[in-house]
Amino acid sequence: MASIETNIIPAGSRKNTTGKPQQSYTVRYRDVAGKQREKTFKKHDDAKAFASAQDYKKRFDDADVSLEARRQPFNDAVRTWLDTAPWRNERTRATYVSAFTKWVGPAYEGRTVREAATMPGIARELVNLAMIDLCGAMRARARTLIVNTLDMLVTDGVIESHRVTGIKLAQKAITEEDSEDDGFVFITDEQTGFLADGGKIDGHSYKGAGIGVWLQRTMGLRICEALGVEKADFINNGMTLRLKAQASRDGKMRVPLKKRQKGQFRDVPVPEFIWDMVKGMPDGPLMPGISTKYMPYPTIQDRFGRACKALGITGFTTHSLRHQFASECLESGMNIVDLSAVLGHADPSITLKTYVHAMPDSQERTRAMMNARWAAPALMAA
């Protein structure tokens, strides 16, 4: 924090336009960057008022924020960052614009840059209270918008520093109410087939989202993983899918798997039902795009959404297919470590945290195991 030294001293006599001598007054102080400055006034009262303002800033620990920052709306600064950041593509920018429109903008409405820089509680309450029910990606975008905008203002010299640092995304506590309603929407195999292949409902034709729907539903793939699968990825006579990459969202290429380096892969067991569909398909991508090698992410989302609406299914996304697969695996007694490997989670604890409340009969299975162990004849005889 820059210290401020205020002094009012005579600047010497000089003649004004009337030819009469006039006294001037100079205030010497240190600015937000710590450099000594001075400002001259004709009237002593004006100089005194300015000096008092500098002392006020020092007393209230506000020396790191310029006068400009006191008045500038923080949301205007966020819009500037959105307009000038080096975006990888327009879709990425759109996700941040959405986070600003829905969350950051309303939270900082009427707030100045000074308030945003010196009041980290606003950001903390936004991402860890108001947005706690949202996915971590959306909350992280909101945090990035706030922090990167403040960093930009530091670089531009509007503020010397800010205090919005070290904000971690809190985990939502699972409550009793959450355990009764896990929030998952499950669909039938017949509905899955319609989402994949399309068809007619009430005389209207709907395009299917493709075989990727079945890859997610029966093997737990993520949507971009399913989009990037090629026939050559099936090995061991179709018994194993070796996932080496996933499709980019624009469908133009394949990129490394989520949180994996180039060349890393995972093997996923393939049901005979899936291999029967795949083995008769031509070589290359299972889900090619019209003008791109792979079907673009927006295309499958659009087809999937229209088909769900036609079926009257709400609250169901392509990711729900993966959830349904994982939940059924756990309900059938599959080992959590094995499931974690199939899903591609970095740690089994992630799988457990996500799906532990999706096992409605877990207590019954545990109780049966306990009864079998502790009601054994040998124990009773003892």
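Computed from a predicted structure; not experimentally measured. (Residues numbered from 1 in each chain as written. Predicted model: local features only at pLDDT ≥ 70, side-chain atom pairs only at ≥ 80, totals over all residues. Heavy atoms only, no water.)

## Points about the overall build of the protein chain
- For the protein chain, the count of helices and strands is 18 helices and 10 strands.
- A fraction of 58% describes how many contacts in the protein chain between residues 6 or more apart in sequence connect residues 24 or more apart.
- Accessible surface computed for the protein chain: about 22000 Å², of which carbon and sulfur atoms make up 52%. (Helix = DSSP H or I, 4+ residues; strand = E, 2+ residues; numbered from the N terminus. Contact = heavy atoms within 4.5 Å. Areas by Shrake-Rupley, 256 points an atom, 1.4 Å probe, with all protein chains shown as cover.)

## Description of the packing of aromatic side chains
- Enumeration according to the criterion identifies 8 aromatic pairs in this entry.
- Each ring, one from Phe74 and one from Tyr108, has its centre 4.8 Å from the other, and the planes form 45°; the classification is tilted. Of this pair, Phe74 sits in helix H3 (residues 74-84) while Tyr108 sits in the loop between helix H4 (90-107) and helix H5 (113-118), and the two are 34 residues apart along the sequence. Comparing Phe74 with Tyr108, the two get one shared label, buried.
- Look at Phe304 and Phe316: their rings are 6.1 Å apart centre to centre, the planes differ by 20°, and that puts the pair in the stacked class. A residue pair is termed long-range when its members are at least 10 positions apart, and Phe304 in helix H13 (residues 297-311) and Phe316 in the loop between H13 and helix H14 (318-331) qualify at 12 residues. Across this residue pair, the class does not change: Phe304 and Phe316 are buried.
- Three or more aromatic residues joined by ring pairs form one cluster here, namely Trp81, Trp87 and Tyr96.
- When the ring centre of Tyr297 is taken as origin, the NZ or CZ atom of Arg249, which lies over that ring, is 4.2 Å away. (Phe/Tyr/Trp six-rings, centres within 6.5 Å; stacked < 30°, edge-to-face > 60°. Buried < 20%, exposed > 50% of the residue type's maximum accessible area, 1.4 Å probe, protein only. Lys NZ or Arg CZ within 6 Å of the ring centre and 35° of its normal.)

## A short note on the pattern of salt bridges
- This structure, assessed with the given rule, holds 14 salt bridges.
- Here Glu115 and Arg111 are joined by a salt bridge, their closest N and O atoms 3.6 Å apart.
- Overlapping salt bridges, with partners in common, bring together Asp83, Glu90 and Arg93 in one network. (Salt bridge = Lys/Arg side-chain N within 4 Å of Asp/Glu carboxyl O.)

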